[in-house]
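Next come the chains, spelled out residue by residue.
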Amino acid sequence: MGRFDDYKPAMAMAGLQFIYAGLALFTRVALLQGMSPRIFVVYRQAIATLVMTPIACFTRRRNSGRISLGLRSFSLIFVTSLIGVTANQNAYFEGLYLASSTAASAMTNLIPAITFVMAAIVGMEKVDIGSLRGIAKIIGTVFCVGGAISMALLKGPKLLNTEILPPSKAASGTGDNWLLGCLSLFGSSCFWSFWVIMQVPISVNIPDHLCSSAWMLFMAMLQSAMFALLLEHDSEAWYLHSNVEFGCCLYAGIGSAVTFFVQAWCISQRGPLFSAMFNPLCTVITTILSSAFLHEELYAGSLVGAFAVIIGLYVVLWGKAKDLEKIKQEAVPKLQHDQAKIVQVLMHESSEENSSEIDMEEPLLSRKSSDVDEIKGPLCR
């Protein structure tokens, strides 16, 4: 039973990749049927908010707390939800519609590399050029960015769905649409990396992650609705015309809440690096399913670019893992030194207490002995 528990995080992360792949495939089908990406984002955020808010309220009530935000916390949540959720989701689903589900899943592998660059710029990540791990993170980032550019610009010859499979409406975008879609997906990865960076100050100001997530989803729902109202002037676009569109919105909203809990649990068990290592699995699943069921065209340039992104991802993760190992190695001697100092202080305090007890006892003993001598003296004389 204990060995089975060790495999639970890996099984959970593998299951999440199937959920992410299903989201990319189902959403692309709904978008190709005519659903607006901006309307879809509004419905997704609304359903996710309805799922997350009662859970956050129930948890806070059990802990006898109130869900409240100060001005600083509200500003952090507002900016993070605007860029990291609203802009991210709109850019992602626009790119998914214009490019392909395979490109969308492959571009998400850029997030660790982009996050590393942003963290280095703001000083959260140190780059040691003289060490192997620092060079690995730089090379991995270059591979990721180069792979993304290859996917966007170097399509090359077709590898699948040329004549074997029949054409479908879900065929991947071509020409300017493909390039614009890849740029939108790249922008989405940058926005999500910003969201990851902002989790540091948000966690300091709002330690309750359920509370901050509920507020973030709620604000993102309002922001997405305002954005959609500005761009979608046709009221007909707000209607769900098929069961596919309704099911896709429901799946995306509930899936957001489920994946949040599962991924948070996996990160708490094995750390963020373990979670990020499963991202390429989603690319493989999406590529296979989209080629088989949606008949999306697979190009040589896209495949090479996807492999370059995956290789770069693992190189960056390797460098980050080595950083964590060094931090742990440096922390052990420091911890031992601190423990030794604590032991010395305790021993010193105990010795002082013993000496004080001896000092208090000595005058009494000497006084008693002198009194006895005085009494014995007259008796003897």
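Refer to the structure presented above.
Notes on the structure follow.

The rules behind the values
Residues numbered from 1 in each chain as written. Predicted model: local features only at pLDDT ≥ 70, side-chain atom pairs only at ≥ 80, totals over all residues. Heavy atoms only, no water. Helix = DSSP H or I, 4+ residues; strand = E, 2+ residues; numbered from the N terminus. Buried < 20%, exposed > 50% of the residue type's maximum accessible area, 1.4 Å probe, protein only. Contact = heavy atoms within 4.5 Å. Areas by Shrake-Rupley, 256 points an atom, 1.4 Å probe, with all protein chains shown as cover. Axes fitted to C-alpha atoms, helices over the stretch in contact; angles between N-to-C directions. Parallel < 35°, antiparallel > 145°, perpendicular 65-115°, else oblique. Left-handed = near helix turned anticlockwise from the far one by under 90°. Nonpolar A, V, L, I, M, F, W, Y, C, P; charged D, E, K, R; others polar. Salt bridge = Lys/Arg side-chain N within 4 Å of Asp/Glu carboxyl O. Patch = residues over 30% accessible without salt bridge, like charges linked within 9 Å, V, L, I, M, F, W, Y side chains within 5 Å. Core = buried A, V, L, I, M, F, W, Y, C linked by side-chain atoms within 4.5 Å.

1. Here we look at the overall build of the protein
Helix and strand counts for the protein come out as 12 helices and two strands. Walking the protein from its N terminus toward its C terminus, one meets helices and strands in the order α-α-α-α-α-α-β-α-α-α-α-α-β-α. For the protein, buried positions account for 41% of its 381 residues. Considering only contacts within the protein whose residues lie at least 6 apart along the sequence, 89% involve residues at least 24 apart. With an accessible surface of roughly 21,200 Å², the protein has 68% of that area assigned to carbon and sulfur atoms.

2. A few points about the packing of helix H3 (residues 71-98) against helix H8 (residues 209-231)
In the contact formed by H3 and H8, the axes pass within 8 Å of each other and the chain directions differ by 55°. Looking at the two axes, H3 sits oblique to H8. Crossing of H3 against H8: the hand is right-handed. Residues Phe74, Ile77, Phe78, Thr80, Ser81, Leu82, Val85, Thr86 and Asn90 of H3 lie in contact with H8, whose contacting residues are Ser212, Trp215, Met216, Met219, Ala220, Gln223, Ser224 and Phe227. For the contact of H3 with H8, the class distribution of residues is 10 nonpolar, seven polar and no charged.

3. Description of the pattern of salt bridges
One pass over the full model with this rule turns up two salt bridges. Among the ionic pairs, Arg38 bridges to Glu94, the shortest N-O distance being 3.3 Å. In this pair, Arg38 is assigned in helix H2 (residues 37-62) and Glu94 in helix H3, connecting sequence segments 56 residues apart. Judged by relative accessible area, which is 23%, Glu94 ranks as partly exposed. For the salt bridge of Glu232 with Arg38, the shortest nitrogen-to-oxygen distance reads 2.9 Å. Of the two residues, Glu232 is situated in the loop between H8 and helix H9 (243-270) and Arg38 in helix H2; the sequence distance between them amounts to 194 residues. Judged on exposure class, the residue Glu232 and its partner Arg38 are both buried.

4. Focus on the environment of Met124
Positionally, Met124 belongs in the loop between helix H5 (111-122) and helix H6 (132-153). In this structure the C-alpha to C-alpha distance between Met124 and Val200, which are 76 residues apart in sequence, comes to 9.7 Å. Excluding residues within four positions of it along the chain, Met124 makes contact with Ala119, Ile197 and Val200.

5. Brief notes about a nonpolar patch on the surface
Among the surface-exposed residues, Ile135, Ile139, Phe143, Leu303, Phe307 and Ile311 lie close enough to one another that they form a single nonpolar patch of about 510 Å² accessible area. Those elements that place two or more of their residues in the nonpolar patch are H6 and helix H12 (300-380). In this structure, Ile311 sits in helix H12.

6. A look at the nonpolar core
Generally speaking, a soluble globular protein has its nonpolar side chains buried in company with each other. Ranked by size, the top nonpolar core spans 31 residues in total, and within it Phe40, Tyr92, Phe93 and Leu185 carry the most contacts. What Leu185 contacts, discounting residues up to four positions off in sequence, is Ala91, Tyr92, Gly95, Leu96, Ala99, Ala103, Ala104 and Met107. Leu76, Val85, Cys211 and Met216 belong to the second largest nonpolar core, which has 10 residues in total.

7. Some details on the side chain of Thr86
Tracing the backbone shows Thr86 in helix H3. Judged by relative accessible area, Thr86 falls into the buried class, the value being 5%. Ignoring anything within four residues of it in the chain, the contact list for Thr86 reads Ser81, Ala220, Gln223 and Ser224.

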